[in-house]
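Chain residues, written in single-letter form:
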Amino acid sequence: MLAIDINSNGLKDLVLGDVDFPNLIALFNGGTADTAFMVAFDTLFPSGNKPVNLFDFPVPSFVDVDHDGRKDLLISSFDPQLYIPDNYQSVWFYRNTGSAYLPKFTFQFKRLFQDQMIEVGSGSYPVFSDFDQDGLTDLMVGCWGRYDSSYYHEGLLKSVNTGRIAWFRNTGGSLNPSFSLVTDDLGGLSSLERTGLYPAFSDLNGDGAIDLMVGQDDGTLTYLENSADGSSPPTFRPPVWKYQGIDVGESSTPQLFDFDSDGLADLIIGEKNGNLNYFQNTGTLNNPVFTFVTDSLGKVNVTNYQISYDGYSTPCFFRDNTGETRLLVGSEEGKVWYFDEIPADPLAVFPESVDLHSLITPQLFPLKCGWRTAPAIGFLTDSTWFDLSVGNWAGGINYFTHQNPPQVLLGIQTQIHPQQRKFFVYPNPADHAVSVGFSSKAPSRAYQLKILNLFGQPVIQRQVRPGENIPIHELPNGLYLVTLTDPAGKTTFPTQKLIVSR
């Protein structure tokens, strides 16, 4: 509830949000200063300027966001459920373009502050990998799911979320990284409509290109072979479901790591129960075969039974600058477990260490990272001290470093004015040709179109008119970015994504 004088009659009106509903209701007070009496209501508040439609249970706040002396309206979800509220566009900002005494709320955007940070939805899973094999470590971020839509089923509110993987390419230096967003949907995986996408990277077939392994909520794995060479943008073959029949139950969180130091990437998988599963690679460089060894690697179990019956373990094996193997494991309670003595025997006990801070700085510091943590570690800014990145259920990224934290460039996540016209590409996915159209009526003039690969390199560049066919039969399967510019008005439209699939 928010009590404010909306119509400047000296009486407090009431703005209400309600559980399971996306709108705000304004109740207008026609009583007296000491006896309120509501005489009118508005179910589309703020009326006339994009009413609130935020699933779910929107809570309004009256606060001066832009420091102009006039209080603005902020809306966010008040629902504490894990899988129902919008987790991506969940801070709506209405600027007060009226006065301090007679407010007029004008919609600005839905992602206040969220558009200035890494925010992937619910459940962020960072992984460091030189994905493009340029000698620089990239930041890859999987997520449990980004909010898509809501619906009512037998009187109950349900929501749809889709998992995806973001690629932040390192466009800086070896010890001075700068992470630039290339795509927030690597391989177009959101189209699979699955949740809990946890990425792992390695060249599994010996062709020189980094392949992608993905864990998911149902406990199985999906494998995407990268058919490009190591110097070309990734081109994934169709996904292989339930890869090698591996199923750990629920919430598989894989890592590809050469645990037994035989030159082959083994498979370690965390899961909802809090333990670690170990599958030894008994195949070859060109044909991996993952053979089950134990579901209790190192006797690790990160479940805190005083809090929950679940652990949601997320493994991160790594080697320090002396070549010694170490292990970090995220957990449901938010603690990042550290194991600094790893026996070669996977059935032996890994002793826990309390010296996690010593990897990053000699001083103790609080490591509070939220709930359902997922750690990633590497030498990003210093050749001696590690950098630590930790994801959490809130969808953001915690970053701990001995040096200055890397710059993050959010790339194609352009802030869009609500009145700005947008274009779209159809069909999408496409195979041989595409066309462009507009979300509203547009002049039938020529526009400058560019189709870019994931390295930002133009692969098609030409002038087009709305509805005109654009051949794409020479493009390999994969994800592309499409830009459109109006040469006459010098207008650049928001970037769109295109999936080529045959």
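The structure displayed is predicted, hence computed values, not measured ones.

(A) Main features of the packing of aromatic side chains. Inspection of the entire model under this criterion finds 28 aromatic pairs. Between Phe279 and Phe292, the aromatic rings sit 5.4 Å apart at their centres with planes inclined by 65°, giving edge-to-face as the arrangement. Here Phe279, found in strand β19 (residues 276-281), pairs with Phe292, found in strand β20 (residues 290-294); they are 13 residues apart in sequence, far enough to count as distant. Judged by its relative accessible area of 48%, Phe292 is partly exposed. One aromatic cluster is present, formed by Phe257, Phe259, Tyr278, Phe317 and Phe350 through successive ring pairs. The ring of Phe107 is capped by Lys50, whose NZ or CZ atom sits 5.5 Å from the centre of that ring. The ring centre of Trp393 lies 5.0 Å from the NZ or CZ of Arg372, which sits over that ring.

(B) Examining the nonpolar core more closely. By size, the foremost hydrophobic cluster in this structure holds 20 residues, and its most contacted members are Phe423, Leu449, Ile451, Ile472, Leu484 and Leu498. Only β28 (423-426), β29 (433-438), β30 (447-452), β31 (458-464), β33 (478-486) and β35 (496-500) provide two or more residues apiece to this core. With residues up to four places along the chain from it excluded, the contact list for Ile451 reads Gln457, Pro458, Val459, Ile460, Ile472, Leu475, Tyr480, Leu481, Val482 and Leu498. Within the second largest apolar cluster, 17 residues are counted, among which are Val127, Ile165, Ile210 and Leu454.

(C) Spotlight on the sheet that holds β29. Read across the sheet, 3 strands follow the order β28-β29-β32 without closing on themselves; strand pairing throughout is antiparallel. Where the open sheet ends on each side, the last strands, each with one partner, are β28 and β32 (470-471). As judged from the 2 bridges shared by β29 and β32, these two strands associate in the antiparallel manner. Across the sheet, Val434 pairs through a bridge with Ile470, a residue of β32.

(D) Summary view of the environment of Arg194. Take Arg194: it is sitting in the loop between β13 (178-183) and β14 (198-202). Separated by 108 residues in the primary sequence, Arg194 and Val302 place their C-alpha atoms 25 Å from one another. Among all residues touching Arg194, those that are not within four sequence positions of it are Trp144, Thr162, Gly163, Gln216, Asp218 and Trp241.

(E) Layout of the confidence of the model for the protein. In the predicted model, the protein carries a mean pLDDT of 90, and the fraction of residues at 70 or more is 95%. Here residues 412-419 scores under 50 on pLDDT; set against residues more than four positions off or in separate chains, the count is 15 contacts.

(F) Examining unusual backbone geometry more closely. In the segment running from Phe45 into Pro46, the intervening peptide bond is cis, with an omega of -10°. Along the chain, the position of Pro46 falls in the loop between β4 (38-45) and β5 (58-63). Along the chain, Phe55 connects to Asp56 via a cis peptide bond; the corresponding omega equals -10°. Position of Asp56 relative to the elements: it lies in the loop between β4 and β5. Non-glycine residue Ser261 carries a positive phi angle of around 55°. You can see Ser261 is positioned in the loop between β17 (253-257) and β18 (266-270).

(G) Fine view of the pattern of salt bridges. One pass over the structure, following the stated rule, counts 12 salt bridges. When the shortest N-O distance is used, the salt bridge between Lys272 and Glu250 registers 3.5 Å. Of this pair, Lys272 sits in the loop between β18 and β19 while Glu250 sits in the loop between β16 (221-224) and β17, and the two are 22 residues apart along the sequence. Residue Glu250 is classed as partly exposed on the basis of its relative accessible area, which comes to 43%.

(H) Focus on the state of the cysteines. A full pass over the atoms with the stated rule returns 0 disulfides. Note on Cys143: no disulfide assigned, nearest cysteine sulfur contributed by Cys369 at a separation of 18 Å. Owing to a relative accessible area of 1%, Cys143 belongs among the buried residues under this scheme. The buried category is assigned to Cys369, whose relative accessible area is 4%.

How each quantity is defined
- Residues numbered from 1 in each chain as written.
- Predicted model: local features only at pLDDT ≥ 70, side-chain atom pairs only at ≥ 80, totals over all residues.
- Heavy atoms only, no water.
- Phe/Tyr/Trp six-rings, centres within 6.5 Å; stacked < 30°, edge-to-face > 60°.
- Helix = DSSP H or I, 4+ residues; strand = E, 2+ residues; numbered from the N terminus.
- Buried < 20%, exposed > 50% of the residue type's maximum accessible area, 1.4 Å probe, protein only.
- Lys NZ or Arg CZ within 6 Å of the ring centre and 35° of its normal.
- Core = buried A, V, L, I, M, F, W, Y, C linked by side-chain atoms within 4.5 Å.
- Contact = heavy atoms within 4.5 Å.
- Pairing = 2+ DSSP bridges.
- pLDDT = per-residue confidence, 0-100.
- Salt bridge = Lys/Arg side-chain N within 4 Å of Asp/Glu carboxyl O.
- Disulfide = S-S within 2.5 Å.

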